Amino acid sequence: MSTADDTNAAPQILKISEAVIRIAGNSQDGIQAIGGFLARLAGRSEQEVMTFMTIPSTISGGPSIFQVRIGSGEVLSSGDEADLLLAFYDHSYLAHLSSLKPGGIVIYDSDHMKADDIPVENLTKYRHLGVPISSLTIEAIGGTGRDKGKNVFALGLLAKMFGLNVPKLLKLLAERFTGKDPKIVETALNAFNAGHNYELVTATELFQFKPGENVGQSQVVMSGNEALTFGLIAAGVRFGAGYPITPWSDIMELLRRELPKYGGQFQQCEDEIASISMAIGASWGGGVAVTGSSGPGIALKTEAIGWASMAEMPLIVVDVQRGGPSTGMPTNIEQSDINIACYGGHGDSPRVVIAPASVEDCFYTAIEAVNIARKYSTPVIILSDQGIATRIEAFKEPDLKSLMQDISPDLSPVTDHKPYDLSAPDGVTRHIAPGTRVASGKYPVVTGLEHDELGHPTGSGKLHTQMISKRRNKLKKLASEFPVPKIYGPSEGQILLVSWGSAQGPVQEAVKLGREQGHAISAVHVRYITPLPPGLETIFSGFNHVFVVELNDEGFSGVGQLGALIRSHIPDPKIRGITKVDGLTWKVKEIISRALELAK
């Protein structure tokens, strides 16, 4: 929690530029609701924000945390260490005290944990504030408060400690309970006011954020899953099909709620195979449809992805990665689906794979993916991950008037049409919607069998060779149009960190930290997983060590999945991996320490 040298402020109020708040309890306590309110308030207060959460994978629930980092300036990660820990139980205290900075503040529920039970060394290292949260909540709202209101009481406490904008918070509370029984809203407000009015008599200081750097900028605040959903809608997608699985299900539920508002629909199918088959059928009908899942469901969809590649059908497949293999760790982050996303399926079935780097990038990646699918008649996999999917960020409000697309089928008559024309420049051809009149009377066929230029099945080895080249070459053309990745830092140095997906922010923060310590370190971020963007080999040539930072196993080659893919294109032994599979996001100090150790 960085402080400013503001001598004019009252002694008990410290001006701060950022704070990392970790809330720990059980999933039934509404932990995520508190963090969500804080994050959305930050966005509406023209501040930067990034969150991180863990939830149990069992229906019965269990220990859970929500960490939110609020900053008046740039926020690239959710923070390595917390400035304040709010612990609802003794197990929350014991499990997460180590995440607190020395000198940090602990607010604990003294109804569950007594001051006499706190070790002396902890009292010396951290500042402790005991508040009877459970009993005060019951006092404020009645007998049900112990289980259903203490999260809102705690939100009031935090609002008091950090001088948060209470009118905006109350508006957020009212929005959350819109359409509910008015008594529910009244109860929530009573709990919040009780927490906010509680006198923190043992607190030696309170805090107040400096004004954000985004003053005057209209911001939106949402999770990665929400941003991706609204990006798909803005891109013109009007049909989707899917089957529930964590953490993809949020996208599915949002599409089911929002698509009808735009004349579209979403179908929940009986399984993953039916879902992708229905989406392919909708794309065949002239639009671009979406389906999605996480690792286990993507495995079931691979045969149909190969069909879409063979038939050159535009299709969007969202893969929100989680811990694997099999059903793995459903609520933990991992980036271990590169191999199945790029190569899943039999035969040579090229597809495009793009990995968004942030919540904001989820929105724009969805639009880009739809446009690529349409232009190149190909399946595009959006490779998100649990970290981006569930975290909340604030970003500049998109200009929807200029971004909204209408991709309704064009049924204008054509003179002739070959959907697989071998003479087409770079192999790029377009599918036409069924019902389009073809004056020549030669109507094409769509099939998963190898085919001639009109789609009629063939066993010709010559045609098979030509069609495989066509499907490959159109994506090589696409790769040539990708922008060369930008280098974060100088273009030459000792160490280059390569990030992808949700690792972008922590890696760039690691570069800032490393350069402050005097190390010659830079970073580059890869959004286009396959085909890879141009210029990587030239970028790599400026550094002695290239470390690919990713959340998957190092594998037999010791470089991780993206590292292995890059080395298959650039066979340079200086390309190595920094990997882990503990189900947690990267810490900045973790990245820099491992990079410096490997570079020795």
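The rules behind the values
- Residues numbered from 1 in each chain as written.
- Predicted model: local features only at pLDDT ≥ 70, side-chain atom pairs only at ≥ 80, totals over all residues.
- Heavy atoms only, no water.
- Phe/Tyr/Trp six-rings, centres within 6.5 Å; stacked < 30°, edge-to-face > 60°.
- Helix = DSSP H or I, 4+ residues; strand = E, 2+ residues; numbered from the N terminus.
- Buried < 20%, exposed > 50% of the residue type's maximum accessible area, 1.4 Å probe, protein only.
- Polar contact = N/O pair within 3.5 Å; in protein donor to acceptor, adjacent residues only side chain to side chain.
- Contact = heavy atoms within 4.5 Å.
- Pairing = 2+ DSSP bridges.
- Axes fitted to C-alpha atoms, helices over the stretch in contact; angles between N-to-C directions.
- Patch = residues over 30% accessible without salt bridge, like charges linked within 9 Å, V, L, I, M, F, W, Y side chains within 5 Å.
- Areas by Shrake-Rupley, 256 points an atom, 1.4 Å probe, with all protein chains shown as cover.
- Salt bridge = Lys/Arg side-chain N within 4 Å of Asp/Glu carboxyl O.
- Disulfide = S-S within 2.5 Å.
- Left-handed = near helix turned anticlockwise from the far one by under 90°.
- Nonpolar A, V, L, I, M, F, W, Y, C, P; charged D, E, K, R; others polar.
- Parallel < 35°, antiparallel > 145°, perpendicular 65-115°, else oblique.
- Expected span 1.5 Å × (residues − 1).
- Bend = angle between axes of the 7 residues up to and from the residue.

**Q** Before we go on, may I ask you to explain the packing of aromatic side chains in this structure?
**A** Remark: the centre distance and the inter-plane angle together describe each pair of aromatic rings, the angle taken between the planes. This model, assessed by the stated rule, comprises five aromatic pairs. Summarising the aromatic geometry, the rings of F162 and F209 are spaced 6.0 Å apart at their centres and angled 20 degrees between planes, so their arrangement reads as stacked. With F162 in the loop between α6 (150-161) and α7 (166-176) and F209 in strand β8 (residues 206-209), this residue pair connects regions lying 47 residues apart in the sequence. On the accessibility criterion, F162 (1% relative accessible area) is buried. Among the residues examined, F209 registers a relative accessible area of 12% and is labelled buried. Their ring planes at 40 degrees and their centres at 6.5 Å tell us that W248 and F266 sit as a pair that is tilted. One end of the pair, W248, is in the loop between β10 (239-242) and α10 (249-258); the other, F266, is in strand β11 (residues 265-268), and 18 residues separate them in sequence.

**Q** It is not clear to me how the side chain of Q67 should be interpreted in this structure. Could you clarify?
**A** Here Q67 lies in strand β4 (residues 63-71). The exposure class of Q67 is buried, given its relative accessible area of 1%. Within the structure, the side chain of Q67 is placed 3.0 Å from the backbone oxygen of G79, a separation counted as a polar contact. Discounting residues that sit within four places of it in the chain, Q67 has contacts with V20, I21, R22, M50, T51, F52, S78 and G79.

**Q** Can you walk me through α10 in this structure?
**A** Residues spaced three or four apart along an α-helix face the same direction, because each turn holds 3.6 residues. For α10, the complete set of buried residues consists of S249, I251, M252, L254, L255 and E258. Packed against the buried residues of α10 are α9 (224-234), β10, β11, β12 (290-293) and β13 (315-321).

**Q** Explanation requested: the sheet that holds strand β19 (residues 521-525) in the structure shown.
**A** Working definition: the strands of a sheet are paired by backbone hydrogen bonds and lie parallel or antiparallel to each other. Pairing in this open sheet of five strands is mixed, and the strands run β17-β19-β18-β21-β22 from one edge to the other. Lying at the two open borders of the sheet, with one neighbouring strand each, are β17 (487-488) and β22 (575-579). Two strands pair when backbone bridges link them, and strand β21 (residues 543-550) and β22 are joined in this way by five bridges, in the parallel orientation. Each bridged residue has a counterpart across the sheet, and for V548 the counterpart in β22 is G577. Here helix α18 (residues 504-516) sits on the sheet in contact with β17, β18 (493-499), β19 and β21, set at roughly 165 degrees to β19. Where helix α21 (residues 588-598) meets the sheet, it contacts β18, β19, β21 and β22, and its direction lies at approximately 145 degrees from that of β22.

**Q** Hey, could you run me through a nonpolar patch on the surface in this one?
**A** Where nonpolar side chains cluster on the molecular surface, the patch consists of Y262, L400 and M404 and spans about 270 Å² of accessible area. Structurally, Y262 can be placed in the loop between α10 and β11. On the accessibility criterion, Y262 (40% relative accessible area) is partly exposed.

**Q** Help me out: how do you make sense of the state of the cysteines in this one?
**A** What makes a disulfide is a covalent bond joining the sulfur atoms belonging to two cysteines. Under the definition given, this model contains zero disulfides. Unpaired in this structure, C342 has its nearest cysteine sulfur neighbour in C362, at a distance of 17 Å. Accessibility expressed as a relative area gives 8% for C342, which makes it buried. Its relative accessible area of 1% is what places C362 among the buried residues.

**Q** How should the pairing of strand β5 (residues 82-87) be read in this particular structure?
**A** Within a regular strand, side chains alternate between the sheet's two faces. Among the six residues of β5, six are classified as buried, and the element is accordingly described as predominantly covered. Strand direction decides the pairing type here: strand β2 (residues 18-26) and β5, joined by four bridges, are parallel. Residue pairing for β5: I21 is matched across the bridge by L84. Pairing of β5 with strand β6 (residues 100-109), which is carried by five bridges, proceeds in the parallel orientation. Note on β6: the bridge partner recorded for L86 is I107.

**Q** Can you help me understand the pattern of salt bridges in this one?
**A** Where charged atoms from two side chains of opposite charge approach closely, those side chains can pair. Overall, the coordinates contain 25 salt bridges when judged by the stated rule. Measuring nitrogen to oxygen at the nearest pair gives 2.7 Å for the salt bridge that ties E253 to R256. Of the two residues, E253 and R256 both sit in helix α10, three residues apart, roughly one turn of that helix. Judged by relative accessible area, R256 falls into the partly exposed class, the value being 35%. The residue D582 makes a salt bridge to K580 at a minimum N-O spacing of 3.4 Å. By relative accessible area, which is 40% here, D582 ends up partly exposed. It is possible to trace a salt-bridge network through shared partners that takes in E18, R69 and E509.

**Q** Is there a simple way to explain the environment of D117 in this structure?
**A** By the element assignment, D117 lies in the loop between β6 and α3 (120-125). We classify D117 as exposed; its relative accessible area is 59%. For the pair formed by D117 and D90, sequence separation is 27 residues and the distance between their alpha carbons is 9.5 Å.

**Q** What should I look at first to understand the packing of α18 against α21 in this one?
**A** In helix packing, the relevant descriptors are the interaxial angle and the interaxial distance, both defined with respect to the helix axes. Following both chains from N to C, one finds α18 and α21 inclined at 60 degrees, their axes separated by 8 Å at the closest point. With respect to the hand of their crossing, α18 and α21 are arranged in right-handed fashion. Between α18, through P506, V507, E509, A510, L513 and G514, and α21, the contact on the second element is made entirely by V588, K589, I591 and I592. Of the residues in the contact of α18 with α21, the class split is seven nonpolar, one polar and two charged.

**Q** Could you clarify how one ought to interpret the packing of α9 against α10 in this entry?
**A** Contact pair α9 / α10: the axes reach a minimum separation of 9 Å and the direction vectors enclose 40 degrees. The pairing of α9 with α10 is recorded here as oblique in orientation. Here α9 and α10 pass one another in a crossing that is right-handed. Along its contact with α9, which presents N225, E226, L228, T229, F230, L232 and I233, the element α10 presents D250, I251, L254, L255 and E258. Partitioning the contact of α9 with α10 into residue classes produces seven nonpolar, two polar and three charged.

**Q** What exactly am I supposed to notice about helix α12 (residues 295-311) here?
**A** Here α12 contains 17 residues, and its C-alpha end-to-end distance of 24 Å stays within 8% of the 24 Å for a straight helix at 1.5 Å per residue. By the largest-angle criterion, K301 marks the main kink of α12, which is about 50 degrees. Taking burial as the measure, the 17 residues of α12 include 12 buried ones, the bulk of the element. On its buried face, α12 sits against α11 (272-284), β12, β13, α13 (338-343), β15 (379-385) and α17 (461-481).

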